Number of protein chains: 2
Amino acid sequence: MAVTEDFVNLRMLENGSPVNMEATEVKMRQNEIIQPLLTDLYQLTMAYAYWKSGKVDDTAVFDLFFRKNPFSGEFTIFAGLEQCIKFLFNFRYSDSDITYLKQILPPYVEEEFFRYLKNLTVEDVTLFAIPEGSVVFPRVPLLRVEGPLIVVQLLETTFLNLINYSSLIATNAARFRMAAGKRIKLLEFGLRRAQGPDGGLSASKYAYLGGFDGTSNVLAGKLFHIPVKGTHAHAYISSFSTLADLKTRDLAVYDENGSDLIESRDFVETCIKRRDQLATLLGILLQEANDGELAAFISYAMAFPDGFTALVDTYEVLSWSGETPSQRYISEPRLHYRSGLLNFCAVAVALSDFGYRPIGIRLDSGDLAYLSNRARDAFRKIAEELTIPWFAQLSIVASNDINEETILSLNDQHHQIDCFGIGTHLVTCQKQPALGCVYKLVEINKQPKIKLSEDLEKVTIPGRKDIYRLYGSDGHALIDLMQKHGEPPPLAGNRVLCRHPFLESKRAYVNPARVEPLLHIYWQNGRCCQPLPSMEQLRHRVQHQLGTIRQDHKRNLNPTPYKVSVSDSLYSYLHKLWLQNAPIGELS
Amino acid sequence: MAVTEDFVNLRMLENGSPVNMEATEVKMRQNEIIQPLLTDLYQLTMAYAYWKSGKVDDTAVFDLFFRKNPFSGEFTIFAGLEQCIKFLFNFRYSDSDITYLKQILPPYVEEEFFRYLKNLTVEDVTLFAIPEGSVVFPRVPLLRVEGPLIVVQLLETTFLNLINYSSLIATNAARFRMAAGKRIKLLEFGLRRAQGPDGGLSASKYAYLGGFDGTSNVLAGKLFHIPVKGTHAHAYISSFSTLADLKTRDLAVYDENGSDLIESRDFVETCIKRRDQLATLLGILLQEANDGELAAFISYAMAFPDGFTALVDTYEVLSWSGETPSQRYISEPRLHYRSGLLNFCAVAVALSDFGYRPIGIRLDSGDLAYLSNRARDAFRKIAEELTIPWFAQLSIVASNDINEETILSLNDQHHQIDCFGIGTHLVTCQKQPALGCVYKLVEINKQPKIKLSEDLEKVTIPGRKDIYRLYGSDGHALIDLMQKHGEPPPLAGNRVLCRHPFLESKRAYVNPARVEPLLHIYWQNGRCCQPLPSMEQLRHRVQHQLGTIRQDHKRNLNPTPYKVSVSDSLYSYLHKLWLQNAPIGELS
């Protein structure tokens, strides 16, 4: 199976320096800032204190999990695992790291400790994980990390950083996909508003994983093999003032069989003629149409004759000729891009005259449901009157500050949009910009650990655990079940008691038609021990996994919580430990 | 002046490969993912269409600005300029970039265009900018970018990406600083919740620039020379179960003169004795104090005897011994960390017995105003009863989901916190996760361009502009004034008419005591032409700049908008162009 190329020192590759690298090393390269020092200082001060107190040989188990699904939803897509594995593969403190740490730690920190760090490897770490691209739920460990206490502790911050945002954006993308439906194209346009350069790259990558069809981000396309899309901005349109700005007028006519160019003809003239004709047909005044815009459309069509998409709302036609600049815009929907629509249709029909097929328009403002319907009306009218049937199906892209709720509301209004370009709300996850994964100690030297809290949400489930997903006979997931490691796994066709981890009275017998163990071993003895799926495989997995989750868990409004349970044995174990660990207080 | 080292291929530096690099090249290195392909595809399709329509020699001016201050505030800190200059310095399409572009652009895109791209440089670009770390306001160009149309267009997305998040986080940090006041230490703890690895690094860097005192992010410390802070996590505490886990018991006693170690003694025994004594003093039952926690504190103190800070809320003492796990927590404030407080005080007093001075505690849950006051009470009591005066001043760090409003509310409640550790709300800018900087064409081939919109906020101010800040005699900024390039600058002591750009009746005469031109030339003829300030200089600039802004513009609740105006001449120019460009519509 292919390993997706994470981002890599491309220039170094070009310079030929890693000629002798092993194929694995190349596959495992990633952004250099993902390195052991990309962590919180307290991981290193703890490491020293552990080391100093003779806990070098202590072993520990940590669970990485989140407590609440994002976006007021009831599911999460797990992503970022591959990056964690690459981080393990490349984990090593460099000489300059050690030099820096010597500077910032107190002078009495022993030299021997720095030697220990320099030689530290992740050879003895074992990583169990749920496969990337899975649908996951609160409290269930996404990672179970086992090994020397000091080493597994040192992995915490970087793992959290790599998983939190990746999973958040993949979940956000999957939610947009569900809102838009399968038919609609979704493009990620968020690079300019993302949280830093890598915020942008990660967004493009994990939005694609979560169900988007492409990105505008060229580097993401290059590094992750994601389809890249884009046409032009308002500036392109504004850069033309009149038709005189067009320095070439001729375009090759395409053969009807679609193969050979047969001659060149004056394309500009055709566009102008077609505009005169269409103005009447569409009921738009010729003086409403801006000539600079027409020139821009023509030039773009001549550069990309079979890829012509036009941004049509650069010149807003105000509804009231005497309107002064100080008047605020009128809120009832109106076709404010009459100039762009007429100019686009003129160039699109002219392209058709020359044997090409344009793609469509992009709307970046206004009432998108209303405007997309008016554009579709115009396209249908032209399709019929000029007998160009495909004209009715021209694509309408919308890209103005779209979020999940906008799409759901547009659906109710029967929009005619074929594609959404989504930026800020997708990449910054404006509705909830952080997922709160945590990394908790659940076992030390084979002794279970529990973290108590007055806030039940913060109580941890102790010990090394196995996780199963139980499916009903209709193929839908019924419940996730955590067991103490080593308990016999639940069996298909056998009744199993599933308990709420904290509420004594909440329990149910479940008779699964199928049982799926969720945790798999991904890293052991210094090696990755699973094939890492390609991006396409991950995308497919997300959609397939979502298909196994009942609709009511996935809906936007008041979704039903999916149940996460513990076995009877784990329940007793947990509550026994709880009482052992809770000091007896006094009423004050 | 020093150039701050942006993040750099450190391992390459270590391997010695850039031995022959010029000093400037080393200073100008930055994260490799900041490269020409970190852009939207439409910049490249536009480049081709411009090129194809013979616009290679067209020149253009773009303004980069935002339309609205973030966080419901009325000011913004401008940051990210140095990264933009480094991006220019390193701008060049690599062979593999060209190969990739050939794959994704249509096959008929001419070979000559790719040669043009390969040879494209930013030599002819001129960049004017407001200095980094300045307080800035809506509509005022932060950058004015001049040069060949194709080239300046190609810079758009990367510039926006580099400035939007940097400025957002610097502004957020400055707001936290104002809320907390000067006395309080502010630490950035957000790496684990940041939007990707670089989201974390950028957050650490620009939070420091905006007024924070340090970060937990070690790599940020290493790369940007930011102070790094941290102690330990709950896991550290949980990893000890009993006092028997302590493998060493002896600690060197520090000489009273604070210089030489005089002997080693049993530190554990002293801690236990002190705990017995303090339990009575603090009114905490001995059985409420967890022995594993005491062991953890002791071990940490032995590793960092003069840097002892303890996380005290790992073992919450419930107020009701019979409370069952299913009971929800009680909302009235209570001292739930009695175990941690007693154990901390025992170890801290024992450290004092051994000649060391501990630092303090960290609180990560609960009612922080109440709890900090109870901790301070305990410290004062011990200071008095045991005659250790500095004990009353031990530091209290709070770090549980803090935002700007939390701090303002804690201020009202007279908290006793000395330091806030701030994560998610700071680094993801949860209140508003994106700044909406835009990049607009304002002039082409020396002709002004205006973008009209029904939405006044979206109308651009055309032409090449100079910007001035006018100050009153008390040193506070009165107003920003945009003029047509070449208009005589306003003079101190001379009355100048400042007009609202759109509202005819809003205008005022301003008599400035001082006039400051805001735009400076940063890049010309392929070189950076300003010294780039160090991080410390930028930090200082932010605080100094904030000092020039009136308090009512900066307050959290209902701040007064700062005025941004145009000269009379620019006003007329703008409105003449507006009428020329607005097509006469029809009422429909």
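Note that the coordinates shown come from a computational prediction; the quantities given were computed from them, not determined experimentally.

Undergrad: Would you mind showing me how to read the overall build of chain A here?
TA: When helices and strands are counted, chain A shows 20 helices and 23 strands. Across its three principal axes, chain A shows a C-alpha extent of roughly 85 × 60 × 55 Å. The contacts in chain A between residues at least 6 apart in sequence include a share of 74% that link residues at least 24 apart. Counting only carbon and sulfur atoms, one obtains 49% of the accessible surface of chain A, whose full area is about 21,300 Å². Positive and negative side-chain charges of chain A, numbering 62 and 67 respectively, have mean locations separated by a distance of 6 Å.

Undergrad: Can you walk me through the interface of chain B and chain A in this structure?
TA: When the parts of a complex come together, some accessible area is lost, and that lost area is often used as the size of the interface. Chain B puts 142 residues into the contact, and the matching count from chain A is 142 residues. Summed over both partners, the interface of chain B with chain A comes to about 12,300 Å²; 56% of that surface belongs to carbon and sulfur atoms. At the junction of chain B and chain A, the tally comes to eight salt bridges. Among the elements that take part in the side of chain B that touches chain A, helix H3 (residues 41-52) of chain B stands out by supplying ten residues, more than any other. A per-class count over the side of chain B that touches chain A returns 64 nonpolar, 46 polar and 32 charged.

Undergrad: Explanation requested: the environment of A:Pro533 in the structure shown.
TA: Residue and element names in this part refer to chain A. Among the secondary structure elements, Pro-533 is positioned in the loop between strand S22 (527-528) and helix H18 (535-547). Under the relative-accessibility criterion, Pro-533 is labelled partly exposed at 25%. Separated by 123 residues in sequence, Pro-533 and Leu-410 have C-alpha atoms that sit 35 Å apart.

Undergrad: Just checking my understanding: could you explain the side chain of A:Thr231 for this structure?
TA: Structurally, the position occupied by A:Thr231 is in the loop between helix H10 (218-224) and helix H11 (234-238). The exposure class assigned to A:Thr231 is buried, which follows from its relative accessible area of 11%. Sequence-distant contacts of A:Thr231, defined by excluding residues within four places in its chain, comprise A:Tyr300, A:Thr309, A:Arg362, B:Tyr42, B:Thr45 and B:Met46.

Undergrad: Help me understand the state of the cysteines in this model?
TA: Such a bond, covalent and formed between the sulfur atoms of two cysteines, is termed a disulfide. All names here are of chain B. Within this structure, the stated rule accounts for zero disulfides over all chains. You can see Cys-528 has no disulfide; the closest cysteine sulfur is in Cys-529, sitting 6.3 Å from it. Under the relative-accessibility criterion, Cys-528 is labelled partly exposed at 24%.

Undergrad: I would appreciate a short explanation of the packing of aromatic side chains in the present structure.
TA: Two aromatic rings, taken as a pair, are described by how far apart their centres are and by the angle between their planes. For the coordinates displayed, the defined rule picks out 48 aromatic pairs over all chains. Connected via pairs of aromatic rings, a cluster forms that spans A:Tyr48, A:Tyr50, A:Trp51, A:Phe113, A:Phe114, A:Tyr116, B:Tyr236, B:Phe240, B:Tyr300 and B:Phe304. Above the face of the B:Phe128 ring, B:Arg144 is positioned so that its terminal group lies 4.1 Å from the ring centre. The positively charged end of B:Arg374 is found above the aromatic ring belonging to B:Tyr370, 4.9 Å away from the centroid.

Undergrad: Please clarify how the relation of the copies chain B and chain A should be interpreted in this entry.
TA: Of the transformation superimposing chain B on chain A, the axial component is 0.0 Å and the angular component is 180°, with the fit at an RMSD of 0.1 Å. Accordingly, the operation relating the two chain copies is best matched by a two-fold axis. Most of the interface of chain B is mirrored in chain A, where 100% of its interface residues are also at the interface.

Undergrad: Could you clarify how one ought to interpret the packing of helix H14 (residues 338-353) of chain B against helix H15 (residues 368-385) of chain B in this entry?
TA: Geometrically, a packed helix pair is captured by the angle between its two axes and the distance between the axes. Residue and element names in this part refer to chain B. Two elements in contact, H14 and H15, have axes separated by 11 Å at closest approach and are oriented at 35°. The handedness of the crossing between H14 and H15 comes out as right-handed. On the side of H14, the interface is formed by Leu-341, Phe-344, Cys-345 and Val-349, while H15 contributes Ala-375, Ala-378, Phe-379 and Ile-382. Here the contact of H14 with H15 is composed, by residue class, of eight nonpolar, no polar and no charged.

Undergrad: It is not clear to me how the environment of B:Ser264 should be interpreted in this structure. Could you clarify?
TA: Tracing the sequence through the fold places B:Ser264 in strand S9 (residues 261-266). With residues up to four places along the chain from it excluded, the contact list for B:Ser264 reads B:Asp250, B:Leu251, B:Ala252 and B:Val253.

Undergrad: I'm lost on the domain arrangement of chain A in this one. Help?
TA: Residue and element names in this part refer to chain A. Domain assignment breaks chain A into domain 1 (10-180 + 433-581) and domain 2 (231-319 + 333-417). Distance between the C-alpha centres of domain 1 and domain 2: 50 Å. Residue-level contacts link five residues of domain 1 with seven residues of domain 2. When domain 1 packs against domain 2, close to 550 Å² is buried across both sides, 58% of that on carbon and sulfur atoms. If you sort the residues of domain 1 by the area they bury against domain 2, Phe-176, Ala-179 and Asn-556 come out on top, with a joint share of 79%. Salt-bridge contacts for Arg-175 lead to Glu-404; the nearest nitrogen and oxygen are separated by 3.0 Å. Counting across the domain 1 and domain 2 interface gives four residue pairs in polar contact (both at pLDDT 80 or more). A class-by-class count of the residues in the side of domain 1 that touches domain 2 yields three nonpolar, one polar and one charged.

Undergrad: For this particular structure, what's the right way to read the UniProt feature "domain: Nicotinate phosphoribosyltransferase N-terminal" (unreviewed entry) in chain A?
TA: As recorded in UniProt, the feature "domain: Nicotinate phosphoribosyltransferase N-terminal" (unreviewed entry) lies at residues 37-164 of chain A. Secondary structure content for residues 37-164 of chain A is 43% helix and 16% strand, and the end C-alpha separation is 18 Å.

Undergrad: Got a minute to help me understand helix H4 (residues 81-89) of chain A in this structure?
TA: Every α-helix carries 3.6 residues per turn, so stepping three or four residues along brings you back to the same face. Burial analysis of H4(A) places eight of its nine residues in the buried class, which makes it a mostly covered element. Inspection of H4(A) places A:Leu81, A:Glu82, A:Gln83, A:Cys84, A:Ile85, A:Lys86, A:Phe87 and A:Leu88 among the buried residues, and these make up the whole buried set.

Undergrad: Please explain the UniProt feature "domain: Nicotinate/nicotinamide phosphoribosyltransferase" (unreviewed entry) in chain A as it appears in this structure.
TA: Annotation from UniProt places "domain: Nicotinate/nicotinamide phosphoribosyltransferase" (unreviewed entry) at residues 359-460 of chain A. Structurally, residues 359-460 of chain A comprises 30% helix and 21% strand, and the distance from its first C-alpha atom to its last is 54 Å.

Undergrad: How should helix H13 (residues 291-303) of chain B be read in this particular structure?
TA: Helix length check: H13(B), at 13 residues, gives a terminal C-alpha distance of 18 Å against a target of 18 Å (1.5 Å per residue), a fit within 8%. Within H13(B), twelve of the 13 residues are buried, leaving the element largely enclosed by the surrounding structure. Among all positions in H13(B), only B:Gly292, B:Glu293, B:Leu294, B:Ala295, B:Ala296, B:Phe297, B:Ile298, B:Ser299, B:Tyr300, B:Ala301, B:Met302 and B:Ala303 are buried. Where H13(B) is buried, its residues meet helix H3 (41-52) of chain A together with helix H11 (234-238), strand S8 (250-254), helix H12 (267-282), strand S10 (309-311) and H14 of chain B. Sitting at the amino-terminal end of H13(B) is B:Asn290, which places a side-chain oxygen 2.7 Å from the backbone nitrogen of B:Gly292.

Undergrad: Sorry if this is basic, but what is going on with the packing of helix H12 (residues 267-282) of chain A against helix H15 (residues 368-385) of chain A here?
TA: All names here are of chain A. It is the contact of H12 with H15, at a shortest axis distance of 11 Å, that shows an interaxial angle of 115°. As H12 runs across H15, the sense of the crossing is right-handed. Mapping the contact onto sequence places Leu-278, Leu-281 and Leu-282 in H12 and Ala-378, Lys-381, Ile-382 and Glu-385 in H15. A class-by-class count of the residues in the contact of H12 with H15 yields five nonpolar, no polar and two charged.

Undergrad: Explain the pairing of strand S11 (residues 360-363) of chain A here, please?
TA: Consecutive residues of a regular strand have side chains that alternate between opposite faces of the sheet. All names here are of chain A. Judged from the three bridges that link them, strand S10 (residues 309-311) and S11 form a sheet pairing that is parallel. Bridge pairing links Leu-311 to Arg-362 in S11. Relative to strand S12 (residues 395-398), S11 is paired through four bridges, and the arrangement is parallel. Following the sheet pairing, Ile-361 is matched in S12 by Ile-396. Chirality of the crossover, the property in question, places the unit of S11, H15 and S12 among those that are right-handed.

Undergrad: Explain the pattern of salt bridges here, please?
TA: Opposite charge on two side chains allows them to pair when their charged atoms are near. Within this structure, the stated rule accounts for 64 salt bridges over all chains. Two residues, A:Glu288 and A:Arg338, come together in a salt bridge whose shortest N-O distance is 2.6 Å. You can see A:Glu288 sitting in the loop between H12 and helix H13 (291-303) and its partner A:Arg338 sitting in helix H14 (residues 338-353), a full 50 residues away along the chain. Taking the shortest distance from any N to any O, the salt bridge between B:Arg275 and B:Asp291 comes out at 2.6 Å. Residue B:Arg275 is located in helix H12, and its partner B:Asp291 is located in helix H13; the two are separated by 16 residues in the primary sequence. Residue classification places B:Arg275 among the buried positions, given a relative accessible area of 7%.

The rules behind these values
Residues numbered from 1 in each chain as written. Chains lettered and ligands numbered in written order. Predicted model: local features only at pLDDT ≥ 70, side-chain atom pairs only at ≥ 80, totals over all residues. Heavy atoms only, no water. Helix = DSSP H or I, 4+ residues; strand = E, 2+ residues; numbered from the N terminus. Contact = heavy atoms within 4.5 Å. Areas by Shrake-Rupley, 256 points an atom, 1.4 Å probe, with all protein chains shown as cover. Lys, Arg positive; Asp, Glu negative; His and termini not counted. Charge placed at Lys NZ, Arg CZ, Asp CG, Glu CD. Buried area = accessible area lost by both parts, 1.4 Å probe. Salt bridge = Lys/Arg side-chain N within 4 Å of Asp/Glu carboxyl O. Nonpolar A, V, L, I, M, F, W, Y, C, P; charged D, E, K, R; others polar. Buried < 20%, exposed > 50% of the residue type's maximum accessible area, 1.4 Å probe, protein only. Disulfide = S-S within 2.5 Å. Phe/Tyr/Trp six-rings, centres within 6.5 Å; stacked < 30°, edge-to-face > 60°. Lys NZ or Arg CZ within 6 Å of the ring centre and 35° of its normal. Least-squares fit on C-alpha atoms with pLDDT ≥ 70 in both. Axes fitted to C-alpha atoms, helices over the stretch in contact; angles between N-to-C directions. Left-handed = near helix turned anticlockwise from the far one by under 90°. Domains from an automatic or database assignment. Polar contact = N/O pair within 3.5 Å; in protein donor to acceptor, adjacent residues only side chain to side chain. UniProt positions renumbered as here; feature names shortened; annotations may be inferred. Expected span 1.5 Å × (residues − 1). Pairing = 2+ DSSP bridges. Right-handed = clockwise from strand over helix to strand, strands pointing away.

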